[in-house]
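Report on the structure
If you want the building blocks of each chain, they are given just below.
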Amino acid sequence: MFSTYLEGLHYKTMNRRKGMKKVLVVLLVLAMVFGSVVLPRPVSAQKEFFLMLPVGLPYYVLNGVQMKIDVPPEIVSGRTFVPIRLVSETFGAEVGWDNATRTVTIKMDNTNVVLKVGSKTATVNGKPYTLEAAPYIKAGRTMVPVRFISEALGLSVQWEPQKKLVYIRAKPTFSVPGVTDKEVLIGSFSALSGPYSVIGIPFYHGFQAYINYVNDNGGVNGRKIKVNVADDQLNPSLTVPAVKKFVEEDKVFAVVAGLGTPGCLAVMDYLNNNGVPFIYQGSGVSALAYPPKKYIFAVQPNYMTEGQVFVKFALNNNWKNIAVVYSDDDAGKEGLSGIHTGVDKFGGKIVYESPFPVTETDFTSYLLRVKQSNADVLLVYTINVALAGNIVKTAKSLGLTQKIVLDYSMAGIAATAGDAAEGVYVTGWIDFSNPDDPGVQKFYNVWLKYYPNDNPLTFAYAVAGYAAGEIFVEALRRAGQYPSRDALVWALETFYGWNGDVVKDISYGPNERAGKYSLFFMQVQKGQLVKVSDWVSVLSKP
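Just so it is clear, the structure is predicted and the values come from calculations on it, not from any experiment. (Residues numbered from 1 in each chain as written. Predicted model: local features only at pLDDT ≥ 70, side-chain atom pairs only at ≥ 80, totals over all residues. Heavy atoms only, no water.)

Here's the deal with helix H6 (residues 261-273)
Over its 13 residues, H6 extends 19 Å from the first C-alpha to the last, a length consistent with the 18 Å expected when each residue adds 1.5 Å. Val267 marks the point of greatest bend in H6, at about 35°. The complete set of buried residues in H6 reads Gly263, Cys264, Val267, Met268, Tyr270, Leu271 and Asn272. Considering only its buried residues, H6 is in contact with strand E15 (183-190), helix H5 (236-250), strand E17 (254-259), strand E18 (278-282) and strand E19 (296-297). Gly275 lies just past H6 and shows a positive phi near 70°. (Helix = DSSP H or I, 4+ residues; strand = E, 2+ residues; numbered from the N terminus. Expected span 1.5 Å × (residues − 1). Bend = angle between axes of the 7 residues up to and from the residue. Buried < 20%, exposed > 50% of the residue type's maximum accessible area, 1.4 Å probe, protein only. Contact = heavy atoms within 4.5 Å.)

Shown next, in the form of structure tokens:
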């Protein structure tokens, strides 16, 4: 996930001004050497630090850049200990050591902290405190309880239990749009009227329901989340002015949960150029994730990722000879590109490949060539349900024996193709296969509590909005007591295989913005979709 592992870097003593200057110099040198370091925007030079420490691993991440550490954090007696100098000096404190008394003194602004190795008693400005575990020395480094020392210095500290990550954050010295002591203001857009409202309303309701749930349970780090929503009717000519109003007049902190490819693409560059995080787009278009843009975070599997997953799943089942038919539109071409990338990465052989126009009504000639190709599997890439249904029915009538795989938008293939769909495989990215799953049950309870008149059959749209809320809230929580737009970005970049209630296996990194790199597979069995695989991921592990 973290694309550049920085060997040999040790973070030395620094005050705030000198510290940031050194970090920026290191970043510039590394960028020239490696060419893949994501440089912070100029706003980051405003004395802003965001530190992430993974327990038990020999690195830390400062402002999105990974660096080596000689003694990693560890858990002792249920408390996380970290090297005192790394934390203190990163945020501008001075650290003193008295070897005779084995005492550490940390000074920052008007705060003076004193700890003694082996003692559970510490003082902050002369006031004694009892620690639950005493500081100790390991490999020449003094290890202290991270929460005590961080909070004593006025820093925000957060704990992420899934991957055992510690987040430490100082209060910004500049104002943050959309953030007050009591509220975080965000923007969202969806089709709340017009022909696409059948999708847009439950999508927004799922999102707002999760935000309502979070607010009713105390908010995030003491702040409630307020959502300004715009009805763009899935029309980019309405999306653009609405989003500009969010940024220039409402001064939102971020834009979250935007529905529809046209509108999302129309505002993507504007938001990125203005340094406004845009999290979750209701679209599978690859341009949202490739090339990666600092402030744009996709979630739904894009077509290129799904094409790769198709190939990996086929090879997992020993289907090495692959036939591909795809619609001659952007979605089909991106899916094909993903399939080619998958073959390059994982193997297999494409024995037949053909586009078809979206106006096609007769697939006999295509499928006869597939039948004659000795392919083991037919990968069909189109997001047009009617076309996919026609292909499946024609394949059945021609007696094709090849396995057929369709993308995740074809969950209704049994209704479209009838008995011909038996045995067809379809991908999925949100798993509702177990109705007793606590996350699934929580989703239904939360959604229908706040919107009891919504049609439960529209759950597929509502759960997408709910997922958007989950990811934003978790990133906001990790950003700590003092959130900023860049801190939100850095927090998102620490997601690696993160699981929420319904959204699972979400990953980002300094040069990773796709979010969802894994899908599972279902098969039509007796007219029902049955889950037949675990998650199939194409993300390279760090």
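Let's talk about the layout of surface pockets
Take a probe with the size of a water molecule and roll it over the atoms, and the empty space left behind shows itself. Taken as a whole, the largest pocket spans an internal volume of roughly 1200 Å³. The wall of the largest pocket is formed by 37 residues, among which Tyr408, Ser409, Trp429, Ala460 and Tyr461 lie closest to the centre. Where the lining of the largest pocket is concerned, the elements lending two or more residues are helix H4 (197-216), H6, strand E24 (425-428), helix H13 (459-479) and strand E27 (518-525). Here the element with the most residues in the lining of the largest pocket is H13; it accounts for five residues. The residue makeup of the lining of the largest pocket, split by class, is 23 nonpolar, 12 polar and two charged. (1 Å grid on protein atoms, 1.4 Å probe; cavity = no way out; pocket = protein on both sides within 12 Å on 5 of 7 lines; lining within 4 Å. Points joined across faces, edges and corners; volume = space filled by probe spheres on them. Nonpolar A, V, L, I, M, F, W, Y, C, P; charged D, E, K, R; others polar.)

Considering helix H12 (residues 438-450)
For H12, spanning 13 residues, the distance from its first C-alpha to its last is 18 Å, which sits close to the expected 18 Å at 1.5 Å a residue. Residues Gly439, Val440, Phe443, Val446, Trp447 and Tyr450 constitute the buried set of H12. Down the axis of H12, the smallest arc covering the buried residues is 135°, so these residues share one side. Exposed and facing more than 90 degrees away from the buried side of H12 are Pro438, Asn445 and Lys449. Where H12 is buried, its residues meet H4 and H13. Of the residues that open H12, the one with a side-chain oxygen 2.8 Å from the backbone nitrogen of Gly439 is Asp437. (Arc of directions from axis to C-beta. Polar contact = N/O pair within 3.5 Å; in protein donor to acceptor, adjacent residues only side chain to side chain.)

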